[in-house]
Amino acid sequence: MSGLTVRAAAKINLHLGVGRVREDGFHPLATLYQAVGIYDDVTVTDAPRWDLDVRCHERIDGSEVPRGTDNVAVRAGRMLTEHHGVRRAAAIRIEKQIPVAAGLAGGSADAAATLLALDRLWQLETSDEDLLALAARLGSDVPFALVGGSATGHGRGEVVERVEDNGTWWWVAVESDIGLSTPAVYAELDRAGGGDPAPEVPEPLLAALRSGDADALAAAVGNDLAAPALQLRPDLREVLDAGVAAGALTGLLSGSGPTCLFLCRDGDHAIDVRRRLTEAGHERVQATTGPVAGAHEVSY
Ligand code: C5P
């Protein structure tokens, strides 16, 4: 199929500070996003009506991906045409490497990639400011998927600001074969009376990113959604323990889970931790790095 392809990365949260639920049902966040090298590719072509084709990597269960016009990628396309007052439609093909309902913002990556791809295909020349505003309406993590790198996220996550990051961080990600619903994890946090009254991105975390020191980063990461996610999925505790037993510097839940992340010192260390986890019987284990770029065209 000819067309224009945009690649968008998965995100992880090196810190996820969650405040008390707001009146609109969202939670105020103080988070540190990092884009990592697990990608979805979105290819768009002109079409008489909106159409969606989702192809998943063999390790991914795609049964939960909304099909047709419920998919956030189609909503992104429609929103862009409404913004410009144009009557156009596209066929959208998503090639998924980012697992679904994994805490890696795969749907947000698809939405961001679709916005950018259609803007380029139709030469709409949407300003960065407008693209970010449309992205924010589509989902809390969509603006970051456009921006990439390492960035703080405030508001409900949609207010994104790049930060200095001089590291090449190596992560081992252990995906789960069952997804976890983000709203369910937030609801569990509320049920337990959780929520930090004044969440902030910790200064030692920002300093660790500037320094590139993996031990300093390991000491500074944290996730307020870990406790509620583990309440819903106690089996993840075993995965987190296994990664540390395999020699990782620290283990961390990605976003609302269930993907578990393990920080490693360098590439060789990551390959070793991945091998040990695989030998211990864990599946869907991969080594990846961050930060990587935000959504970008890869057509050729
Ligand atoms: O913005 P997004 O569509 O990704 O959010 C999905 C769900 O996650 C929301 O409906 C809400 O239940 C929860 N959420 C939240 N606070 C945030 C972000 C998401 O409660 N800051």
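Residues numbered from 1 in each chain as written. Predicted model: local features only at pLDDT ≥ 70, side-chain atom pairs only at ≥ 80, totals over all residues. Heavy atoms only, no water.

- The protein chain is annotated in an unreviewed UniProt entry as 4-diphosphocytidyl-2-C-methyl-D-erythritol kinase of Marmoricola endophyticus.
- What UniProt records for the protein chain under Catalytic activity (unreviewed entry) is the sentence "4-CDP-2-C-methyl-D-erythritol + ATP = 4-CDP-2-C-methyl-D-erythritol 2-phosphate + ADP + H(+)".
- Note on the protein chain: under the UniProt heading Pathway (unreviewed entry), the record states "Isoprenoid biosynthesis; isopentenyl diphosphate biosynthesis via DXP pathway; isopentenyl diphosphate from 1-deoxy-D-xylulose 5-phosphate: step 3/6." (UniProt positions renumbered as here; feature names shortened; annotations may be inferred.)

1. Some points on the overall build of the protein chain
Part 1 of the argument: In terms of helices and strands, the protein chain carries 10 helices and 12 strands.
Part 2 of the argument: Relative to the compact-globule value of 19 Å for 300 residues, the protein chain shows a C-alpha radius of gyration of 19 Å, a close match.
Part 3 of the argument: Taken along its principal axes, the extent of the C-alpha atoms in the protein chain is 55 × 45 × 35 Å.
Part 4 of the argument: Within the protein chain, the proportion of its 300 residues that are buried is 54%.
Part 5 of the argument: Restricting to contacts in the protein chain with at least 6 residues of sequence separation, those with at least 24 account for 76%.
Part 6 of the argument: Each charge class in the protein chain can be summarised by its mean position, and for the 27 positive and 43 negative side chains these summaries are 4 Å apart. (Helix = DSSP H or I, 4+ residues; strand = E, 2+ residues; numbered from the N terminus. Rg over C-alpha atoms; globule rule 2.2 N^0.38 Å. Buried < 20%, exposed > 50% of the residue type's maximum accessible area, 1.4 Å probe, protein only. Contact = heavy atoms within 4.5 Å. Lys, Arg positive; Asp, Glu negative; His and termini not counted. Charge placed at Lys NZ, Arg CZ, Asp CG, Glu CD.)

2. Regarding the UniProt feature "domain: GHMP kinase N-terminal" (unreviewed entry) in the protein chain
Part 1 of the argument: Within this structure's numbering, the places UniProt gives as "domain: GHMP kinase N-terminal" (unreviewed entry) are residues 71-149.
Part 2 of the argument: Along residues 71-149, the helical share is 58% and the strand share 10%, with 25 Å between the first and last C-alpha atoms.

3. Quick notes on unusual backbone geometry
Part 1 of the argument: A cis amide bond links glycine 257 with the next residue in sequence, proline 258, at an omega value of 5 degrees.
Part 2 of the argument: At alanine 105, a residue that is not glycine, the phi angle is positive and equals roughly 60 degrees.
Part 3 of the argument: Among the secondary structure elements, alanine 105 is positioned in the loop between β4 (89-96) and α2 (106-121).
Part 4 of the argument: Of note in the backbone geometry, glutamine 123 takes a positive phi value of approximately 50 degrees without being a glycine.

4. A short note on the environment of leucine 146
Part 1 of the argument: In this structure, leucine 146 sits in helix α4 (residues 142-147).
Part 2 of the argument: For leucine 146 and glutamine 97, which are 49 residues apart along the polypeptide, the C-alpha to C-alpha distance reads 17 Å.
Part 3 of the argument: With near-sequence residues (within four places) excluded, leucine 146 lies in contact with Ala112, Leu131, Leu132, Ala135, Gly294 and Ala295.

5. Thoughts on helix α9 (residues 235-245)
The α-helix advances 3.6 residues per turn, and as a result positions three or four apart in sequence lie on the same side.
Part 1 of the argument: Among the residues of α9, those classed as buried are Leu236, Val239, Leu240, Ala242 and Gly243. Each buried residue of α9 lies within a common arc of 160 degrees when the element is viewed along its axis, so the set occupies one face. Away from the buried face of α9 by more than 90 degrees, exposed residues Glu238 and Ala245 are located.
Part 2 of the argument: Packed against the buried residues of α9 are β7 (169-174), α8 (226-232), β9 (250-253), β10 (260-264) and α10 (267-279).
Part 3 of the argument: Positive phi shows up at glycine 247, right after α9, with a value of about 105 degrees. (Arc of directions from axis to C-beta.)

6. Here we look at the pattern of salt bridges
Part 1 of the argument: One pass over the structure, following the stated rule, counts 17 salt bridges.
Part 2 of the argument: Where aspartate 110 meets lysine 96, a salt bridge forms, and the shortest distance between an N and an O atom there is 2.8 Å. Taken together, the residues span a long stretch of sequence, with aspartate 110 in helix α2 and lysine 96 in strand β4 at a distance of 14 residues.
Part 3 of the argument: Given a relative accessible area of 4%, aspartate 110 falls into the buried group.
Part 4 of the argument: As a salt-bridge pair, arginine 276 and aspartate 272 come within 3.0 Å of each other at their nearest N and O atoms. A residue pair is termed a helical-turn pair when its members lie 3 or 4 positions apart in one helix, as arginine 276 and aspartate 272 do in helix α10 at four residues. (Salt bridge = Lys/Arg side-chain N within 4 Å of Asp/Glu carboxyl O.)

7. Observations regarding the packing of helix α1 (residues 72-84) against helix α3 (residues 128-138)
Part 1 of the argument: Relative orientation of the contacting elements α1 and α3 amounts to 135 degrees, with a least axis distance of 10 Å. As the angle between them shows, α1 and α3 are arranged oblique. Note that α1 runs across α3; the crossing there is right-handed. Here Val72, Arg75, Ala76, Met79, Leu80 and His83 of α1 come into contact with α3, specifically with Asp130, Leu131, Leu134, Arg137 and Leu138.
Part 2 of the argument: Of the residues in the contact of α1 with α3, the class split is seven nonpolar, one polar and three charged. (Axes fitted to C-alpha atoms, helices over the stretch in contact; angles between N-to-C directions. Parallel < 35°, antiparallel > 145°, perpendicular 65-115°, else oblique. Left-handed = near helix turned anticlockwise from the far one by under 90°. Nonpolar A, V, L, I, M, F, W, Y, C, P; charged D, E, K, R; others polar.)

8. Quick look at the packing of aromatic side chains
Part 1 of the argument: According to the stated counting rule, one finds two aromatic pairs in the structure shown.
Part 2 of the argument: Judged by centre distance (4.5 Å) and plane angle (10 degrees), the ring pair of tyrosine 33 and phenylalanine 144 falls under stacked. Within this pair, whereas tyrosine 33 is found in strand β2 (residues 29-47), its partner phenylalanine 144 is found in helix α4, the two being separated by 111 residues in sequence. Here the two residues tyrosine 33 and phenylalanine 144 agree in accessibility, since each one is buried.
Part 3 of the argument: With a centroid separation of 6.4 Å and an interplanar angle of 70 degrees, the aromatic rings of tryptophan 50 and tryptophan 122 are classed as edge-to-face. (Phe/Tyr/Trp six-rings, centres within 6.5 Å; stacked < 30°, edge-to-face > 60°.)

9. Focus: the UniProt feature "binding site: ATP" (unreviewed entry) in the protein chain
Part 1 of the argument: UniProt annotation of "binding site: ATP" (unreviewed entry) refers to Pro99, Val100, Ala101, Ala102, Gly103, Leu104, Ala105, Gly106, Gly107, Ser108 and Ala109 when read in the numbering used here.
Part 2 of the argument: Locating alanine 101 in the fold gives a position in the loop between β4 and α2.
Part 3 of the argument: Non-local contacts of alanine 101, meaning those with residues more than four positions away in its chain, are made with Gly179, Leu180, Gly257 and Pro258.
Part 4 of the argument: When you line up the elements, glycine 103 lands in the loop between β4 and α2.
Part 5 of the argument: On the basis of relative accessibility, which here comes to 12%, the residue glycine 103 falls in the buried class.

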